[in-house]
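Letter by letter, the chains look like this.
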Amino acid sequence: MSTSSSTPTSSGTSGFQLPKWAGSFGVQIIAALIVGLALGLLAKYTGSTKEAPNALGATLQTIGSSYVALLQTAVVPLIFTAVVSSISNLREVSNAARLAWNTLLWFAITSLIAVLIGIGLGVLLQPGANTGITGEGEAPGKVGSWWAFLTGLFPKNFLGLGASTTVAETGATTSVSFNVLQILVIAIAVGIAALKVGKAAEPFLNFTASALAVIQKVLWWIIRIAPLGTVGLIGNAVAVYGWDTIGSLGKFAIAIYVGLALVLFVVYPVLVRSHGLSVKQYFTGVWPAVQLAFVSRSSIGTLPLTQRVTERSLGVPRAYASFAVPLGATTKMDGCAAIYPAIAAIFVAQFFGIQLDFTQYLLIALVSVLGSAATAGTTGAVVMLTLTLSTLGLPLAGVGLLLAIDPILDMGRTAVNVAGQALVPTIVARRQGILDESLYNAPRNGSPFVDDDADSAAAAETTGTTGTGADAAGRELAGAKA
């Protein structure tokens with residue numbers, strides 16, 4: 001056997017083969033970042049601008065926007081089927097209510113830690129003082145409010161879709177958008193109703209699970225070409241914004257990234273270690289999702305990969321992960337809803353010469369912990385910032401000052417969001433004694449794309465079998481190891 005397996009190599013018939021490390025998803029993303037950076041600088045210094053991109057700039061822009069569009073295409077069916085299926089999967093978990101409560105509690109705890117770090121950095125670094133910026137900025141196009149959050153909970157249609165029309169000299173353009181928060185509410189209601197119906201809902205739940213499997217397969221194909229999308233996204237960001245765009249907002253940008261780094265590389269490791277888990281295994285497990293989040297700037301677009309690494313690399317049972325990760329992708333945002341609005345609100349106050357008192361700092365913390373869900377159906381951090389500013393009574397025009405560098409900041413914010421969305425289910429599973437530590441501590445193969453066909457076969461073998469929630473979780477984790 002050993003002789004026959006080595007024959008192709010010795011005879012040279014196997015042809016050229018890339019080194020094993022070159023097939024790693026992480027290595028491919030890093031390589032794409034370098035290529036994108038180089039092409040973006042080349043486009044910028046050959047005259048490409050946001051308003052008038054040259055051929056290279058337009059190509060990078062098209063590649064990047066097309067990749068994001070592919071990710072967004074499957075968001076609506078993904079969230080609906082994932083949440084409905086996750087609620088049905090909770091039937092197999094004996095302590096589902098406790099898991100749900102602990103998940104929300106740790107969402108709040110980590111958000112509070114993150115916002116306190118943001119407030120501390122804002123007070124210490126004074127990012128809004130002596131910026132040299134003139135003007136008062138423009139009012140933001142989208143404004144967050146508590147009333148808008150409450151009314152936004154009620155779906156206007158079954159799919160949570162909306163349409164807006166823009167009239168220009170060249171004609172009218174209609175764009176369709178979706179409200180993630182409304183889709184989440186609809187999916188939760190449908191999932192609970194299906195559980196209450198009982199046996200009669202089994203065909204529906206089976207169809208939903210099948211649809212989810214199909215959607216995830218399509219998304220895996222999209223995620224596999226992430227290195228190509230990375231080249232376009234990073235290249236376009238550098239070509240359009242460049243490092244000089246940071247300019248006088250450099251201190252603010254540094255404060256944001258220092259805060260993000262403290263949360264990602266200090267707070268999260270402390271939490272991991274305090275629960276008796278390996279910090280190295282956490283980072284090597286979650287890193288593929290963090291990389292994709294950084295380049296795509298979309299927690300929801302990264303959702304399939306986040307759930308995959310949470311289950312297969314971090315050892316969280318699928319029945320629980322399929323509930324916690326989709327919920328986190330819409331409401332757990334330590335970067336966008338904690339670090340960023342805290343530092344940005346302090347920046348705006350300092351810029352306009354407004355002194356904040358202790359009560360207003362408490363309000364920043366309260367809004368950040370409770371307000372994440374208010375941005376679930378919108379573009380995230382900007383709306384979260386307007387919600388914070390309006391609650392504090394600060395000028396909303398200050399948001400316009402920060403929009404120039406928002407895409408640069410959004411990459412880091414989204415990466416921290418996703419890292420936290422995988423961390424909390426891992427911590428809760430560990431505390432509840434359902435974490436598969438052998439899977440958590442297993443060697444990484446460098447790629448989240450293990451044999452999907454073997455996984456499907458393992459799942460098919462367990463279909464129709466009965467057992468306790470622990471048995472079901474064990475079968476799923478065994479399939480994840482295959």
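As the structure is a computational prediction, the values presented were derived from the model and not from experiment. (Residues numbered from 1 in each chain as written. Predicted model: local features only at pLDDT ≥ 70, side-chain atom pairs only at ≥ 80, totals over all residues. Heavy atoms only, no water.)

J.: Before we go on, may I ask you to explain the overall build of the protein chain in this structure?
T.: For the protein chain, the helix and strand inventory stands at 21 helices and 2 strands. Burial status across the protein chain gives 50% buried among its 482 residues. Here the analysis covers contacts within the protein chain between residues at least 6 apart in sequence; of these, 82% occur between residues at least 24 apart. Accessible area for the protein chain stands at about 21,600 Å²; split by element, carbon and sulfur atoms hold 65% of it. (Helix = DSSP H or I, 4+ residues; strand = E, 2+ residues; numbered from the N terminus. Buried < 20%, exposed > 50% of the residue type's maximum accessible area, 1.4 Å probe, protein only. Contact = heavy atoms within 4.5 Å. Areas by Shrake-Rupley, 256 points an atom, 1.4 Å probe, with all protein chains shown as cover.)

J.: Looking at this structure, I do not really get the confidence of the model for the protein chain. What am I missing?
T.: Close inspection of predicted coordinates is inappropriate in any region flagged by low pLDDT. Per-residue confidence for the protein chain gives a mean pLDDT of 76; residues scoring 70 or more make up 71%. Summarising per-element confidence for the protein chain, the mean pLDDT is lowest in helix α21 (residues 469-481) (37) and highest in helix α10 (residues 250-274) (94). Scored below 50 in pLDDT, residues 1-13 shows 3 contacts in the model against residues more than four places distant or in partner chains. For residues 453-482, every residue scores under 50 in pLDDT, and the model assigns this stretch 29 contacts once sequence neighbours within four places are set aside. (pLDDT = per-residue confidence, 0-100.)

J.: Hey, could you run me through unusual backbone geometry in this one?
T.: Glycine aside, the phi torsion of most residues is negative, and most peptide linkages are trans. Of note in this structure, Gln 126 is not a glycine but carries a positive phi near 50°. Relative accessible area serves as the criterion here: at 33%, Gln 126 is assigned to the partly exposed category. Despite not being glycine, Arg 297 has its phi angle at roughly 60°, a positive value. Assignment of secondary structure puts Arg 297 in the loop between α11 (279-296) and α12 (303-312). Residue classification places Arg 297 among the partly exposed positions, given a relative accessible area of 38%.

J.: Looking at this structure, I do not really get the pattern of salt bridges. What am I missing?
T.: Applying the stated criterion across every chain, the model contains 5 salt bridges. Among the ionic pairs, Asp 410 bridges to Arg 297, the shortest N-O distance being 3.0 Å. Placement of the pair is Asp 410 in helix α18 (residues 406-431) and Arg 297 in the loop between α11 and α12, with a sequence separation of 113 residues. With a relative accessible area of 10%, Asp 410 lands in the buried category. (Salt bridge = Lys/Arg side-chain N within 4 Å of Asp/Glu carboxyl O.)

J.: Whenever I open this one, a nonpolar patch on the surface confuses me. Can you help?
T.: Residues Ile 254, Val 258, Leu 262, Phe 265, Val 266, Val 270 and Trp 287 make up a contiguous nonpolar surface patch of roughly 590 Å² in combined accessible area. When residues in the nonpolar patch are grouped by element, the largest group, 6 residues, is from α10. Within the secondary structure layout, Val 270 lies in helix α10. Val 270 gets classed as exposed once you look at its relative accessible area, which sits at 52%. (Patch = residues over 30% accessible without salt bridge, like charges linked within 9 Å, V, L, I, M, F, W, Y side chains within 5 Å.)

J.: Please explain the packing of aromatic side chains as it appears in this structure.
T.: Ring pairs (aromatic) are described by centroid distance and by the angle formed between their planes. This model, assessed by the stated rule, comprises 7 aromatic pairs. For the pair Phe 252 and Tyr 340, a centre-to-centre distance of 6.1 Å together with 70° between the ring planes defines the contact as edge-to-face. Note that Phe 252 is positioned in helix α10 and Tyr 340 in helix α14 (residues 335-351), a separation of 88 residues in sequence. Summarising the burial analysis for this pair, Phe 252 and Tyr 340 share the class buried. Plain terms: the ring middles of Phe 252 and Phe 347 are 5.1 Å apart, the flat faces sit at 50° to each other, and that makes the pair tilted. Of the two residues, Phe 252 sits in helix α10 while Phe 347 sits in helix α14, which places them 95 residues apart along the sequence. (Phe/Tyr/Trp six-rings, centres within 6.5 Å; stacked < 30°, edge-to-face > 60°.)

J.: What's the story with α12 in this structure? I'm lost.
T.: In an α-helix, one turn spans 3.6 residues; hence positions three or four apart end up facing the same way. Across the 10 residues of α12, 10 count as buried, placing the element largely inside the fold. Among all positions in α12, only Leu 303, Pro 304, Leu 305, Thr 306, Gln 307, Arg 308, Val 309, Thr 310, Glu 311 and Arg 312 are buried.

J.: Sorry if this is basic, but what is going on with the side chain of Ser 296 here?
T.: Topologically, Ser 296 is positioned in helix α11. Its relative accessible area of 5% is what places Ser 296 among the buried residues. Only 2.8 Å separates the side chain of Ser 296 from the backbone oxygen of Leu 292, close enough to count as a polar contact. (Polar contact = N/O pair within 3.5 Å; in protein donor to acceptor, adjacent residues only side chain to side chain.)

J.: Hey, could you run me through the environment of Ala 255 in this one?
T.: Mapped onto the elements of the fold, Ala 255 is located in helix α10. Given a relative accessible area of 0%, Ala 255 falls into the buried group. Each C-alpha atom, one on Ala 255 and one on Ala 344, is 9.6 Å from the other, the two residues being 89 residues apart in sequence.

J.: Honestly, α10 in this entry has me stumped. Any pointers?
T.: The end-to-end C-alpha separation of α10 is 35 Å, in line with the 36 Å expected for 25 residues at 1.5 Å each. Its axis deflected by about 30° at Val 263, α10 carries its strongest bend there. Just downstream of α10 lies Gly 276, where phi reads positive at about 75°. (Expected span 1.5 Å × (residues − 1). Bend = angle between axes of the 7 residues up to and from the residue.)

J.: Even after reading the chapter, I still don't get the nonpolar core, so can you show me in this structure?
T.: One broad trend across soluble globular proteins is that nonpolar side chains are buried collectively. Counting residues in hydrophobic clusters, the biggest one holds 112 residues, and the most contacted among them are Phe 252, Tyr 268, Tyr 282, Tyr 320, Tyr 340, Ile 364 and Leu 402. By size, the runner-up hydrophobic cluster in this structure holds 6 residues, among which are Met 333, Ala 337, Val 367 and Met 384. (Core = buried A, V, L, I, M, F, W, Y, C linked by side-chain atoms within 4.5 Å.)

J.: Sorry, what's going on with the environment of Ala 253 here?
T.: By the secondary structure assignment, Ala 253 is in helix α10. Separated by 155 residues in the primary sequence, Ala 253 and Ile 408 have C-alpha atoms spaced 8.6 Å apart.

J.: What's the story with the packing of helix α8 (residues 202-224) against α12 in this structure? I'm lost.
T.: When two helices pack together, their arrangement is given by the angle between their axes and by how far apart the axes lie. Across the interface, α8 lies against α12 with an axial gap of 9 Å and an inter-helix angle of 100°. When the axis of α8 is compared with that of α12, the two are roughly perpendicular. Taken together, the residues of α12 that come into contact with α8 (itself represented by Gln 216, Leu 219, Trp 220 and Ile 223) are Pro 304, Leu 305, Gln 307 and Arg 308. Tallied by class, the residues present in the contact of α8 with α12 amount to 5 nonpolar, 2 polar and 1 charged. (Axes fitted to C-alpha atoms, helices over the stretch in contact; angles between N-to-C directions. Parallel < 35°, antiparallel > 145°, perpendicular 65-115°, else oblique. Nonpolar A, V, L, I, M, F, W, Y, C, P; charged D, E, K, R; others polar.)

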